[in-house]
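Structure assessment
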Amino acid sequence: MKLYDRDYTILTSDEEAKFRSLKEQEVVKEVGTIKFRKPLFHKYPKAVRHYISLFPNNYMDIFELQDREGLNNKLACFQQLLNSEDVNERSILKFISEHRAYFIIASLLSEYFHFGHHATYLFPEFQIGNSYRADYLIIGQSSGGHEFVFVELEAPKGRITIAEGDLGEVFRKGIKQLRDWKRWLYSYYSSLKETFDKSRRSDVALPDEFVTMDRSRFHFVVIAGKRSDFTNDIYEIRREERVDNNILLLHYDNLIDTAADVIGRQTY
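Residues numbered from 1 in each chain as written. Predicted model: local features only at pLDDT ≥ 70, side-chain atom pairs only at ≥ 80, totals over all residues. Heavy atoms only, no water.

**Considerations on the pattern of salt bridges**
Any two side chains of opposite charge can pair, on the condition that their charged atoms come close. Note the following rule: Should a side-chain nitrogen of Lys or Arg be within 4 Å of a carboxyl oxygen of Asp or Glu, the pair is scored as a salt bridge. The way it works is that DSSP assigns letters per residue, a run of H or I at least four long becomes a helix, a run of E at least two long becomes a strand, and they are numbered from the N terminus. Exposure classes here rest on a 1.4 Å probe applied to the protein chains alone. A residue is buried below 20% of its type maximum, exposed above 50%, and partly exposed in between.
Inspection of every chain in the model, using the stated rule, returns 21 salt bridges. For D61, the salt bridge is made with R49, and the minimal N-O distance between the two is 2.7 Å. Residue D61 is located in the loop between α2 (46–51) and α3 (68–83), and its partner R49 is located in helix α2; the two are separated by 12 residues in the primary sequence. The residues D61 and R49 share a single accessibility class, namely buried. Linked by salt bridges that have partners in common, K46, R49, D61 and E64 make up one network.

Below, the structure written as structure tokens:
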């Protein structure tokens, strides 16, 4: 599923002309056939920044992070939703989609992962085989290539934890889904190439990490409950799950914090 109404795999004639002009301006010196360039990426039109990325219609434009007023307003509305009586995971997904508040989910990279500085992509409702679907897939690129974060949103309210200091049914449901995803991915990952091919830039081949399974590149997140639901016992379980199973357990206040922190930054 793409993020935007516009199809960024196509440029207008004006955008193409602007792009060609800027590419020419980037050349600061020529020695024989070698051209030395000073990148002018920050001057590229928004559509061009999407167009030259690996997945144009799923690219998270870092320059939008500078819209402090607009993003803070979206985040304030998101907080109001989380505090409403009838909030559930479906209403959260609907809000993020309708308000184009995708930065809220992508912000997870800034705090909990160490990739995405070169490029960040977001895929809502990402299909995993015929039986599973992740609420979001975040793909972050760094100097070491691309890594993948599969995100499952669960209810902000309900049986988040139980009196004995263990995880309640809300978290248990999310963890079970992630374990199902992991089993499928580890067995059939190469079959996702067709899914990625449908979204990639047509003139660029998929890097090897999209075809060859490398478990170290995969990460899993479940978000449920609020900060007040997390006791010392739950924080201990959270540490164990991340170390033992590469599953990160977060509450929605964590998501609010990362989203607020990423506003105004230069990258995710």
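**Structural notes on the sheet that holds strand β7 (residues 247–250)**
As a reminder of what qualifies: Here the rule is simple: two strands pair whenever DSSP picks up at least two bridges between them. Axes, fitted as lines to C-alpha atoms, cover a helix only where it is in contact. Angles between the N-to-C directions of the axes lie from 0 to 180 degrees. Every residue pair with non-hydrogen atoms within 4.5 Å of one another is taken to be in contact.
Here we have five strands laid out as an open sheet, ordered β3-β4-β5-β6-β7, and mixed in their pairing. On the outer flanks of this sheet lie β3 (119–128) and β7, each paired with one strand and no other. Pairs of neighbouring strands in the sheet enclose a mean axial angle of 25 degrees, with direction left out of account. Across the sheet, helix α7 (residues 169–188) lies against β3, β4 (132–142), β5 (145–153), β6 (218–223) and β7, angled at about 160 degrees from β6, the strand it touches most.

**Quick look at α3**
For clarity, the threshold we go by: Expected helix span is computed as 1.5 Å times (number of residues minus one). The directions from the helix axis to the C-beta atoms form the arc being described.
Taking 1.5 Å per residue, 16 residues should reach 22 Å; α3 reaches 22 Å between its end C-alpha atoms and fits that length. Listing the buried residues of α3 in full gives L71, L75, F78, L81 and L82. Looking down the long axis of α3, one finds its buried residues gathered within 110 degrees of arc, a one-sided arrangement. Among the exposed residues of α3, those pointing more than 90 degrees away from its buried face are E69, Q80 and N83. Buried residues along α3 sit against α4 (89–98), α5 (103–106) and α10 (252–262).

Everything listed is a geometric property; what it means functionally is a separate question.
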